[in-house]
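Take a look at the letters that make up each chain.
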Amino acid sequence: MTNRTALFAVLLTAVISLSIHGCAKDDHKAEGTAGEHGEAAGVDEHTKQMVEQHEAMMGIQEDWTKARGGIEGGDAQAVLKSAEAMSEKSAAIEGFMLHKGADNREEFVKKATEFRSMIKDFNDYARNKDVKSLREMAPKIDAACNGCHQSFR
Ligand code: HEC
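Here is a short report on the structure shown in this document. Keep in mind that what you see is a predicted model, and the values were worked out from it rather than measured. (Residues numbered from 1 in each chain as written. Predicted model: local features only at pLDDT ≥ 70, side-chain atom pairs only at ≥ 80, totals over all residues.)

Quick look at the packing of helix α3 (residues 76–89) against helix α4 (residues 105–127) now. Running from N to C, α3 and α4 cross one another at 155 degrees; their axes reach a closest spacing of 8 Å. As summarised for this structure, α3 and α4 are arranged roughly antiparallel, according to the angle between their axes. Crossing angle aside, the handedness with which α3 passes α4 is left-handed. On α4, the residues touching Ala-76, Val-79, Leu-80, Ala-83, Glu-84, Met-86 and Ser-87 of α3 are Ile-119, Lys-120, Phe-122, Asn-123, Ala-126 and Arg-127. (Axes fitted to C-alpha atoms, helices over the stretch in contact; angles between N-to-C directions. Helix = DSSP H or I, 4+ residues; strand = E, 2+ residues; numbered from the N terminus. Parallel < 35°, antiparallel > 145°, perpendicular 65-115°, else oblique. Left-handed = near helix turned anticlockwise from the far one by under 90°. Contact = placed C-beta atoms within 7 Å.)

A few words now on the site of the ligand. Lining the immediate environment of the ligand, one finds 20 residues, of which His-54, Met-57, Phe-115, Cys-145 and Cys-148 sit closest. Going through the elements one at a time, α2 (43–72), α4 and α5 (131–152) are the ones with two or more residues in the shell around the ligand. Counting residues per element, the shell around the ligand draws most heavily on α2, which supplies eight residues. When the residues that make up the shell around the ligand are grouped by side-chain class, the tally is 14 nonpolar, four polar and two charged. (Near = placed C-beta within 6 Å. Nonpolar A, V, L, I, M, F, W, Y, C, P; charged D, E, K, R; others polar.)

Side chains of residues three or four places apart in an α-helix project in the same direction, reflecting 3.6 residues per turn. Over its 30 residues, α2 runs 44 Å from end to end, which matches the ideal 44 Å to within 8%, given 1.5 Å per residue. Looking at the packing, one finds that the buried side of α2 touches α3 and α5. Positive phi appears at Gly-74, one or two residues downstream of α2, with a value of about 70 degrees. (Expected span 1.5 Å × (residues − 1).)

Quick look at α3 now. Taking 1.5 Å per residue, 14 residues should reach 20 Å; α3 reaches 20 Å between its end C-alpha atoms and fits that length. Of the residues making up α3, those classed as buried are Val-79, Leu-80, Ser-82, Ala-83 and Met-86. (Buried ≥ 20, exposed ≤ 12 C-beta atoms within 10 Å, placed from the backbone.)

This part covers unusual backbone geometry. One non-glycine residue, Lys-129, adopts positive backbone phi at about 50 degrees. In this structure, Lys-129 sits in the loop between α4 and α5.

Axes are the key here: two packed helices are described by the angle between their axes and the distance separating the axes. Where α2 meets α3, the axes come as close as 8 Å, and the angle between the chain directions of the two elements is 160 degrees. In terms of orientation, α2 and α3 fall into the roughly antiparallel class. Between α2 and α3 lies a crossing of left-handed hand. Here Ala-56, Gly-59, Ile-60, Asp-63, Trp-64, Lys-66, Ala-67, Gly-70 and Ile-71 of α2 come into contact with α3, specifically with Ala-78, Val-79, Ser-82, Ala-83, Ala-85, Met-86 and Lys-89. A per-class count over the contact of α2 with α3 returns ten nonpolar, three polar and three charged.

This is how it looks when you write it as structure tokens:
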């Protein structure tokens, strides 16, 4: 083998191994993303779901801030509007894709269901203009937000 042929062979091997490695890495990335969440969803589905749940939570945060303002001002009508919006946005919490605490889905679903049931009561109090019960309920809702975030956010 001449020196030049040997050099060519080394270069060729390097190029082939680089390109194989590159593909393998991409495959791993795609598989890893779907696999981590235990479903066969593609990367696009995953991104879409993450955007949706991010938007739902940001919306809930905004509504909750407004609802608390309404409670402080004794304005049950304003609370009702925000409470209804919270009900709507929390309808799909049970289906969230989890990162933290993903191996404890059962507990997450339990917390999500409890939260939605609290929001339902909260709606009822607002509808009945029961400001006293709304006031009592507010710290419990805060605790539910924080409790779930501690384990799953
Ligand atoms: C049953 C569980 C649960 C409850 C109850 C809950 N959250 Fe969340 N929240 C989450 C999870 C999970 C995330 C992370 C979502 C993600 O990364 O997609 C999150 C994220 C958020 C975020 C950050 C949004 C983001 O994606 O960056 C805000 C703000 C938020 N929650 C507000 C609230 C408020 C306010 C309440 C109560 C009124 C609340 N959450 C109740 C589970 C919950």
